[in-house]
Amino acid sequence: MTKKTLSRFLTGLILSVLAVSCSHDELVAPSSVLKGAAQSADATASRDSNLALGNPSGAVADPYYYWNYLVVKPQYTMSYHRDRGTPNWVSWHLSSAWLGSTPRQDNFAADNTLPTGWYRVQATSYSGSGFDRGHQCPSADRTGSVADNSATFLMSNMVPQAPRNNQQTWAGLENYCRTLVDAGNELYLICGSYGKGGTGSAGPLSTLDNGHVTVPNRLWKVIVVLPNGTDDASRVTTSTRVIAINTPNDNSLLTTWGSYRTTVDAIEQATGYDLLSAVSASVQSVVEARTDNGPTQ
DNA sequence: CTGCGCATC
DNA sequence: GATGCGCAG
């Protein structure tokens, strides 16, 4: 390892640690204010850290790490891959505190906050490909303001997703998640994609937009369900419901999301990530090995 | 930007 | 019928 790469590595390590430790200040500070207000009102939902359960890939906010670049927005946190033109994963918090009456903005747009010189995937980049612009953090999870909803329409929050996978299977799961919120829960969600090549409505494809965007082979999602409360990973126990699904990016997908349930361990093995790393190891070992068998609607 | 299709609740 | 996922012109 050269001196330069060593220094890059150390910088990355430090930034990575900062990204996790600082996220508390950056992301929770404003929510603490909201939480204080909410608690005096009804002691229920608040807006918590979008990265409360950990940074799965040790993503770093340094453009040097173009394959694992940390993007922090008020609405979600992600690891972005410059050369795939998609996020590796997106992490966000969902509670009723994020939900309001803002309608879908439908303002798909390039994410101009990406580093200078990087290719920015355009709103029209997926046109004619047979793949949807599939939200990672869904539009309907961020309806508190026009700014919140618009953030979900940035192309950095999209992956090429087979229409049936997106509009039926995933939409069904997203709807179910919001019913959990309506029932008094808050959710910590992380979803992502990996592999190359999917089958959309126009047949198989491995890249689009002249190779600027990789079509992922599989899409996964992990959902941690907690009753409304304070922002603290220690609330996750061995009895906490954790839903993990892993779906092929294929238009022949079944519409029922429940049949794609798997373990967090299996997703970690497939991706190399460390999910729910902020949860104690003893709890992780239990909840990550378990396949959810709860209700699906 | 408007209009449209499709699936779900 | 309303909502939510998109698309094309």
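None of these values were measured; they are calculated from a predicted model.

S.K.: Describe the pattern of salt bridges, listing the residues and the values that go with them.
M.R.: Tallying each qualifying case throughout the model produces eight salt bridges. Ionic pairing is found between D148 and R47, a salt bridge with its closest N-O pair at 3.2 Å. With D148 in helix α2 (residues 146-151) and R47 in the loop between α1 (3-41) and β1 (69-72), this residue pair connects regions lying 101 residues apart in the sequence. When its relative accessible area of 7% is taken as the criterion, D148 is described as buried.

S.K.: Give me the lowdown on the environment of Y65, citing residues and values where you can.
M.R.: Along the polypeptide, Y65 turns up in the loop between α1 and β1. Placed 140 residues apart in sequence, Y65 and L205 show a C-alpha to C-alpha distance of 27 Å.

S.K.: Outline the pairing of strand β6 (residues 185-194), listing residues and values.
M.R.: The buried fraction of β6 amounts to 10 of the 10 residues, a majority that puts the element mostly inside the structure. Because side chains alternate across β6, one face comprises the buried residues N185, L187, L189, C191 and S193, and the other comprises E186, Y188, I190, G192 and Y194, equally buried. Sheet topology places strand β3 (residues 86-94) next to β6; six bridges connect them, and they run antiparallel. If you follow L94 over to β6, its bridge partner there is L187. Two strands pair when backbone bridges link them, and β6 and strand β11 (residues 218-227) are joined in this way by 10 bridges, in the antiparallel orientation. Note that in β11 the partner of N185 across the bridge is P227.

S.K.: Tell me about the protein's contact with DNA strand C, and name the residues and values.
M.R.: As a structural note, the neighbourhood of DNA strand C is formed by R104, F131, D132, R133, G134, H135, S139, A140, N166, Q167, E174 and R178. Backbone sugar and phosphate groups make up 86% of those atoms of DNA strand C lying within 4 Å of the protein. A distance of 3.0 Å separates a phosphate oxygen of DNA strand C from a polar atom in the side chain of R104. Looking at the surface near DNA strand C residue by residue, the class counts come to two nonpolar, five polar and five charged.

Cut-offs and rules
Residues numbered from 1 in each chain as written. Chains lettered and ligands numbered in written order. Predicted model: local features only at pLDDT ≥ 70, side-chain atom pairs only at ≥ 80, totals over all residues. Heavy atoms only, no water. Salt bridge = Lys/Arg side-chain N within 4 Å of Asp/Glu carboxyl O. Helix = DSSP H or I, 4+ residues; strand = E, 2+ residues; numbered from the N terminus. Buried < 20%, exposed > 50% of the residue type's maximum accessible area, 1.4 Å probe, protein only. Pairing = 2+ DSSP bridges. Near = heavy atom within 4 Å. Polar contact = N/O pair within 3.5 Å; in protein donor to acceptor, adjacent residues only side chain to side chain. Nonpolar A, V, L, I, M, F, W, Y, C, P; charged D, E, K, R; others polar.

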